[in-house]
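Residues per chain are reported as follows:
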Amino acid sequence: MKYELTLLLKQRSIISLLLLSLLLTGFSLFNGWQNISHINAQINHAQHEETLRKQDFFIHHSHDGPSGTERTVDAGELGYYLFHTVYHTPGEWSFIALGNRLVIPYVQRIRLLGLQGQLYDGESHHPEYVMLGSFDYAFLLVFFAPLLCIALTHDLKASEQQAQRLLFLQSLMTTPRHFWGKRVLSRWLLITLTFVLPVLLFAAIHTLSPEPLLRVVAITALYTFLWSVLCAAFSLRKRALNANFNAMLLTSIWLMLCVVLPNLSQLWLHDRYPLQDGSQIALQHRQWVHSAWDLPKDDTLTPFYALYPQWKDTPPVTGRFHWKWYFAFQHMADVKLQPQVTAREQTLRQRDQATSLLAWVLPTVWVQRNLEEIAQSNVTHLLAHRTRIERFHTVLRHAAYPFVFEERPLTAQDFLHMPTFGSTGAD
Amino acid sequence: MISLIWKIACNEWRKLWHARVPALLLLVLVTLWAIAALAAHHHWQDHARTVAEVTARSQHDWQSQPDRHPHRVSHYGDFVAKPVHPLSVIEPGILDQSGHLVYLEAHRLNSANFNPATEATTLGRFSLITPAMIVQWWMPLFLIMIAYATVTADKITGILAFMRGNGTPGWAIAGGKWLALFLPLFLLLCLQALLTLAWSWHSEQLLPRMAIMLLAQALYIAGWCLLVVTVSWFSRQLHSALLVLLLCWVCVCIIFPRGLANLAQITHPTQPRAEAEYHAEDKLRTIGDSHNPDDPHFVAFKQSILSKYHVSQVDDLPVNYQGLLMQEGERLTTAVYREQQALHNAQLAKQNESIRQWLWLTPALALQYIQMAGSGNDLPHHQDFVRQSEQRRYQLIQYLNQIHTFKVQQHDDKNTRVSADFWKKAPRPPVALASLSVSQPSIIAGFLVLFGWLLLPGSLLFKVSHRL
């Protein structure tokens, strides 16, 4: 083994390939880290700003109380004008696979109106950049590592044949399996190290938690091992003496596993589990919200009071407009949309489930998916994030309803006690 | 002389045909192409259906509004879907990433929402296989596998030296070899272009769009053919020719495009949208607050209105003062939001600029820019869509505010409802696909790089083919 490694490391082309791989891995980790720290910095900034803005809001929107002693703010105005910030906080290991984090808004504003009209706001990302894809560790491992394996192991037998040593070697070997095994293992070790070393270094510098680190290392080692074995199987066939043919064959396999099959699977997936386009939710939501203005107020309030009987006996709405009725129809639109939203969520989960099944067949998908699990940047994490927003919105509504329905203004003290996304344990 | 080149090319084809493997590879490439066309067509159809559905439903919802107060209608708002060009079948570009629906309402500038990329599963992270991708990635790869040996093999067997000894000029050999590789691929490209033309005959600006795509594809493939012949001529061993070419391919097609885009993103990161919205609101507050009776801007505005109509108080105005306030407010908010949008566009432009500085590294990305521009799926086209829908929003809201001003009685403002006929006549011009000229900078940059891409290996080949 030791001699194998020295033999390998004496070749200049191999050294340069390994250095290139090290460099790219380093860059991919750095790039992921920069992206995630930008997101974290923006979230911190937004959290800081939110406190200031809320104080500012109270000053601007508060009126003198009835006795003239304490300034209060109207509950309806609070619901309509005050934005609450929600965040999609990255995990510790999110830099390893950016996944869909680049398209999901990581800072979003929510107010007390219907949630479905606000949940799907887009982020101001550069669409061309997202389309080209992120240069993260997952990408490099899935796409580039196999190519490195192919470059290093496609000509095991053929290169010896080329140097006219093959027959000589074969006559010397007592256990060929042992001999070739060592060759393959030494190559695998070097390739794995070019991926694992930067990760280890990175984890040490930033003192990251060890459990995900172990998983990342294990996934990396397994994946490179699979490709090394695959390449070895092809390059050690009995008549594998044409290195070029081996290279082309292995590149074709790479092409199938990294591009063609995942694409075909996606096509099948979208066909098998059709998803209602989100725009239909937006259109329907607008229709429910705005048609309520043209309906008698009881059409909104009766079903609303059926959901919230505790406010049933509050003073009735008689005038042309009342915040009670306004927030009730905003909420009722969400309630009516719920089946549609749940169905979409269900489809997304089914798609994710099917992907996880496919991942058992396609190693490339398996690696990408597992790294995204560690990085918390898969579609399931998006759904979890949406659920958190929903929960926060509910907490917010429940905190505001007493003031809206009992027609009490909020004092500075009440205002301070309004929940935030952070305080509800939602982030 | 031309006949000499042609003879060498014919000879090359015979050799490739007898080798069997190249013909097989070409067959695989065409199969992949067919799969890509199928997948892309499916994808496009899905998208076009969504756009048609949204447009129809939005139209229906708008037209079936009852009598309403005009300000209600301006909050009811309007939905605009992004138009898709049929050439998206070749290159869907940012279709999945950009969002295809904008909600137009009063006092707000909404983002383009609903992009499938957000809700994609892990499979979405693997790049989409499209006809454009086939030309950009896979055609060069197959070309390398088919032809890496083209000159090196002749060198090893001594045929090259023999030919040169017989007085065949080096450039003729180079030209013949190049032609033998380029012509079949060029014919395939032309076939694709012809099929696409026939399929999407009546779409707008089809010819110029298709023409730049075909030209860029031809230049790109011509460049790769030159590179393959050049490297093959330089190499002494078949194996090194293959490995060098594959390394070039990995860098040009996979590493550089992603690397450049990611570098641009980390050097010029974008602000989150929520932050921009807060900024806009802060700015609006400093300009004027129509709810505040002492606000200097609106006090002056009121004075100017009163003196215009020669009355002393608002109640005596012949028009609805609330409507006038709405118009003024909309004018102010729109100016601020447009300024924010311009800032955001400037941020993106900065990223694009930094990518373009390094574009010469990767002709694959240059080709992609041109193909995206050609199919109407690049950033400038998207920005034009956002701009057009914003114009439509402003026009529509101001029309509604006009109705508020002139058709709603001031003393009974809140209880008035205006006839639904006014909504039916509202100006809602359809949002059209931008003209090709919006992407002029990226098209020019792309073509410059592609020409350079021809020159560099071309001059190297010229040099090496003269060597004896």
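Residues numbered from 1 in each chain as written. Chains lettered and ligands numbered in written order. Predicted model: local features only at pLDDT ≥ 70, side-chain atom pairs only at ≥ 80, totals over all residues. Heavy atoms only, no water.

What to know about the overall build of chain A
Working step 1: Counting secondary structure elements, chain A contains 16 helices and 5 strands.
Working step 2: Since a compact globule built from 427 residues should have a radius of gyration of about 22 Å, the 30 Å found for chain A marks it as more spread out than a globular shape.
Working step 3: Relative to all contacts within chain A whose residues are 6 or more apart in sequence, the contacts with residues 24 or more apart total 78%. (Helix = DSSP H or I, 4+ residues; strand = E, 2+ residues; numbered from the N terminus. Rg over C-alpha atoms; globule rule 2.2 N^0.38 Å. Contact = heavy atoms within 4.5 Å.)

Concerning the overall build of chain B
Working step 1: Helix and strand counts for chain B come out as 16 helices and 3 strands.
Working step 2: Relative to the compact-globule value of 23 Å for 468 residues, chain B shows a C-alpha radius of gyration of 30 Å, a clear excess of over 25%.
Working step 3: Expressed along its principal axes, the backbone C-alpha trace of chain B runs to roughly 105 × 45 × 40 Å.
Working step 4: The burial tally for chain B puts 58% of its 468 residues in the buried class.
Working step 5: Long-range contacts, defined as pairs at least 24 residues apart, comprise 82% of the intrachain contacts of chain B with a sequence gap of at least 6.
Working step 6: Accessible area of chain B: about 19800 Å², with a carbon and sulfur share of 65%.
Working step 7: In chain B, the 37 positive side-chain charges and the 31 negative ones have mean positions that sit 15 Å from each other. (Buried < 20%, exposed > 50% of the residue type's maximum accessible area, 1.4 Å probe, protein only. Areas by Shrake-Rupley, 256 points an atom, 1.4 Å probe, with all protein chains shown as cover. Lys, Arg positive; Asp, Glu negative; His and termini not counted. Charge placed at Lys NZ, Arg CZ, Asp CG, Glu CD.)

With respect to the sheet that holds strand β3 (residues 108–113) of chain B
Residues and elements named next belong to chain B.
Working step 1: Spatial ordering of the open sheet is given by β1-β2-β3, a layout of 3 strands whose pairing is antiparallel. Of all strands in the sheet, those bounded by a partner on one side alone are β1 (78–81) and β3. On average, adjacent strands in this sheet sit at an angle of 20° to one another, irrespective of strand direction. (Pairing = 2+ DSSP bridges. Axes fitted to C-alpha atoms, helices over the stretch in contact; angles between N-to-C directions.)

Some details on the confidence of the model for chain B
Residue and element names in this part refer to chain B.
Working step 1: For chain B, mean pLDDT is 91; residues scoring 70 or higher make up 99% of the total.
Working step 2: Averaged pLDDT values for the elements of chain B fall to 82 in β3 and rise to 96 in helix α13 (residues 363–374).
Working step 3: Predicted complex metrics record ipTM = 0.90 and pTM = 0.93. (pLDDT = per-residue confidence, 0-100.)

Some thoughts on the sheet that holds strand β2 (residues 71–73) of chain A
Residue and element names in this part refer to chain A.
Working step 1: Reading across from one edge, β1-β2-β5 is the order of the 3 strands in this open sheet, with antiparallel pairing throughout. Each having just a single partner strand, β1 (62–64) and β5 (410–411) make up the two edges of the open sheet.
Working step 2: Lying over the sheet, helix α2 (residues 12–61) contacts β1, β2 and β5, oriented at roughly 105° with respect to β2.

A closer look at helix α13 (residues 323–358) of chain A
Working step 1: Counted at 1.5 Å a residue, the expected span for α13 of chain A with its 36 residues is 52 Å, and the 51 Å between its end C-alpha atoms agrees.
Working step 2: Most pronounced at Q338 of chain A, the bend in α13 of chain A amounts to some 50°, and the proline P339 of chain A follows within four residues. (Expected span 1.5 Å × (residues − 1). Bend = angle between axes of the 7 residues up to and from the residue.)

Some words on a nonpolar patch on the surface
Residue and element names in this part refer to chain A.
Working step 1: A cluster of nonpolar residues, M1, L9, I15, L19, L22, L185, L189, L193, L197, L200, F225 and V229, forms a patch on the protein surface that exposes about 920 Å² of accessible area.
Working step 2: Contributions of two or more residues to the nonpolar patch are made by α2, α8 (176–205) and α9 (210–235).
Working step 3: A per-element tally of the nonpolar patch places α8 first, with 5 residues.
Working step 4: Tracing the backbone shows L193 in helix α8.
Working step 5: What makes L193 partly exposed here is its relative accessible area of 35%. (Patch = residues over 30% accessible without salt bridge, like charges linked within 9 Å, V, L, I, M, F, W, Y side chains within 5 Å. Salt bridge = Lys/Arg side-chain N within 4 Å of Asp/Glu carboxyl O.)

A word on the packing of aromatic side chains
Working step 1: Applying the stated rule across the entire model yields 53 aromatic pairs over all chains.
Working step 2: The interplanar angle of 45° and the centroid separation of 6.0 Å between the aromatic rings of Y80 of chain A and W323 of chain A together place this pair among those described as tilted. Here W323 of chain A lies in helix α13 and Y80 of chain A lies in helix α3 (residues 75–81), a separation of 243 residues in the sequence.
Working step 3: Classification of Y80 of chain A by relative accessible area gives buried; the value is 18%.
Working step 4: Ring geometry for W137 of chain B versus W138 of chain B: centroids 5.2 Å apart, planes at 70°, classification edge-to-face.
Working step 5: Overall, the relative accessible area of 1% leaves W138 of chain B in the buried class.
Working step 6: A connected cluster of aromatic rings, assembled from ring pairs, spans F27, F135, F139, F143 and W254 of chain A together with F126, W137, W138 and W249 of chain B.
Working step 7: Sitting over the ring of Y3 of chain A, K2 of chain A keeps its end group 5.9 Å from the ring centre. (Phe/Tyr/Trp six-rings, centres within 6.5 Å; stacked < 30°, edge-to-face > 60°. Lys NZ or Arg CZ within 6 Å of the ring centre and 35° of its normal.)

Thoughts on the state of the cysteines
Residues and elements named next belong to chain B.
Working step 1: One pass over the full model with this rule turns up 0 disulfides over all chains.
Working step 2: Here C248 stays free of any disulfide, with the sulfur of C251 as its closest cysteine sulfur at 7.1 Å.
Working step 3: C248 sits in the partly exposed class, given a relative accessible area of 25%. (Disulfide = S-S within 2.5 Å.)

Notes on the nonpolar core
Working step 1: Ranked by size, the top nonpolar core spans 162 residues in total, and within it W93, W254 and L371 of chain A together with W138, W224 and W249 of chain B carry the most contacts.
Working step 2: Ranked by the residues each element gives to this core, the list is headed by helix α8 (residues 206–234) of chain B, at 19 residues.
Working step 3: If we ignore the near neighbours within four places in the chain, the residues touching W224 of chain B are P140, L143, I144, C248, W249, V252, C253 and W453 of chain B. (Core = buried A, V, L, I, M, F, W, Y, C linked by side-chain atoms within 4.5 Å.)

Points about the interface of chain A and chain B
Working step 1: Between chain A and chain B, the residue contacts involve 101 residues of the former and 96 residues of the latter.
Working step 2: It is R109, L132 and R286 of chain A that lose the most area in chain A upon contact with chain B, and together they represent 9% of the buried surface on that side.
Working step 3: Where chain A meets chain B, there are 11 salt bridges.
Working step 4: Note that D294 of chain A and R417 of chain B form a salt bridge whose closest N and O atoms lie 3.6 Å from each other.
Working step 5: For the interface between chain A and chain B, the tally reads 40 residue pairs in polar contact (both at pLDDT 80 or more). (Buried area = accessible area lost by both parts, 1.4 Å probe. Polar contact = N/O pair within 3.5 Å; in protein donor to acceptor, adjacent residues only side chain to side chain.)

Describing the pattern of salt bridges
Residues and elements named next belong to chain A.
Working step 1: Taken as a whole and assessed by the stated rule, the structure comprises 36 salt bridges over all chains.
Working step 2: For E345, the salt bridge goes to R349, with nearest N and O atoms at 3.6 Å. You can see E345 and its partner R349 sitting in helix α13, 4 residues apart, about one turn around the helix.
Working step 3: When its relative accessible area of 23% is taken as the criterion, E345 is described as partly exposed.

Considerations on the confidence of the model for chain A
Working step 1: Within chain A, residue pLDDT values average 91, and 98% of them lie at 70 or more.
Working step 2: β1 of chain A is the least confidently modelled element of chain A, averaging 81 in pLDDT, while helix α14 (residues 363–375) of chain A averages 96, the highest of any element.

A few points about the environment of P90 of chain A
Residue and element names in this part refer to chain A.
Working step 1: Take P90: it is sitting in the loop between β3 (84–87) and β4 (107–110).
Working step 2: Note: C-alpha distance between P90 and N40 (50 residues apart in sequence) is 7.2 Å.
Working step 3: If we skip the residues at most four places from it in the chain, P90 touches I36, I39, N40, I43 and R101.

Let's talk about the side chain of N110 of chain B
Residues and elements named next belong to chain B.
Working step 1: Among the secondary structure elements, N110 is positioned in strand β3.
Working step 2: In this structure the side chain of N110 is engaged in a polar contact, spanning 2.9 Å, whose partner is the backbone oxygen of Y103.
Working step 3: Reaching out from N110, the side chain makes a polar contact with the side chain of R108 at a distance of 3.4 Å.

Quick word on the packing of helix α11 (residues 278–291) of chain A against helix α2 (residues 21–63) of chain B
The angle between the axes and the distance between the axes are what describe a pair of packed helices.
Working step 1: With their axes 10 Å apart at the nearest point, α11 of chain A and α2 of chain B run at an angle of 10° to one another. Between α11 of chain A and α2 of chain B, the crossing angle belongs to the class labelled roughly parallel. In this structure, α11 of chain A uses S279, Q280, L283, Q284, R286 and Q287 of chain A to contact α2 of chain B, whose residues at the interface are T50, E53, V54, R57, S58 and D61 of chain B.
Working step 2: Its residues assigned to classes, the contact of α11 of chain A with α2 of chain B comprises 2 nonpolar, 6 polar and 4 charged. (Parallel < 35°, antiparallel > 145°, perpendicular 65-115°, else oblique. Nonpolar A, V, L, I, M, F, W, Y, C, P; charged D, E, K, R; others polar.)

A few points about the packing of α9 of chain A against α14 of chain A
Residues and elements named next belong to chain A.
Working step 1: Here α9 crosses α14 at 170°, and the two axes come no closer than 10 Å. What the angle tells us is that α9 and α14 run roughly antiparallel. Taken together, the residues of α14 that come into contact with α9 (itself represented by P212, R215, V216, I219, L222, Y223 and L226) are P363, T364, W366, V367, N370, L371, E373 and I374.
Working step 2: Across the contact of α9 with α14, the residue classes tally to 11 nonpolar, 2 polar and 2 charged.

Quick word on the pairing of β4 of chain A
Residues and elements named next belong to chain A.
Working step 1: Going residue by residue along β4, you find V107 and R109 tucked away on one face and Q108 and I110 tucked away on the opposite face as well.
Working step 2: Strand direction decides the pairing type here: β3 and β4, joined by 4 bridges, are antiparallel. Pairing of H84 across the sheet is with I110, part of β4.

Focus on a positive patch on the surface
Working step 1: A cluster of basic residues, K155, R236, K463 and R467 of chain B, forms a positive patch at the surface.
Working step 2: Within the fold, R467 of chain B resides in the segment after α16 (440–466).

Thoughts on the pairing of β3 of chain B
Regular strands have side chains that alternate between both faces of the sheet.
Working step 1: Where burial is concerned, most of β3 of chain B is hidden: 6 out of the 6 residues are buried.
Working step 2: Counted along the chain from strand β2 (residues 101–105) of chain B to the antiparallel partner β3 of chain B, the turn is 2 residues long, and its residue H107 of chain B has a positive phi close to 50°.

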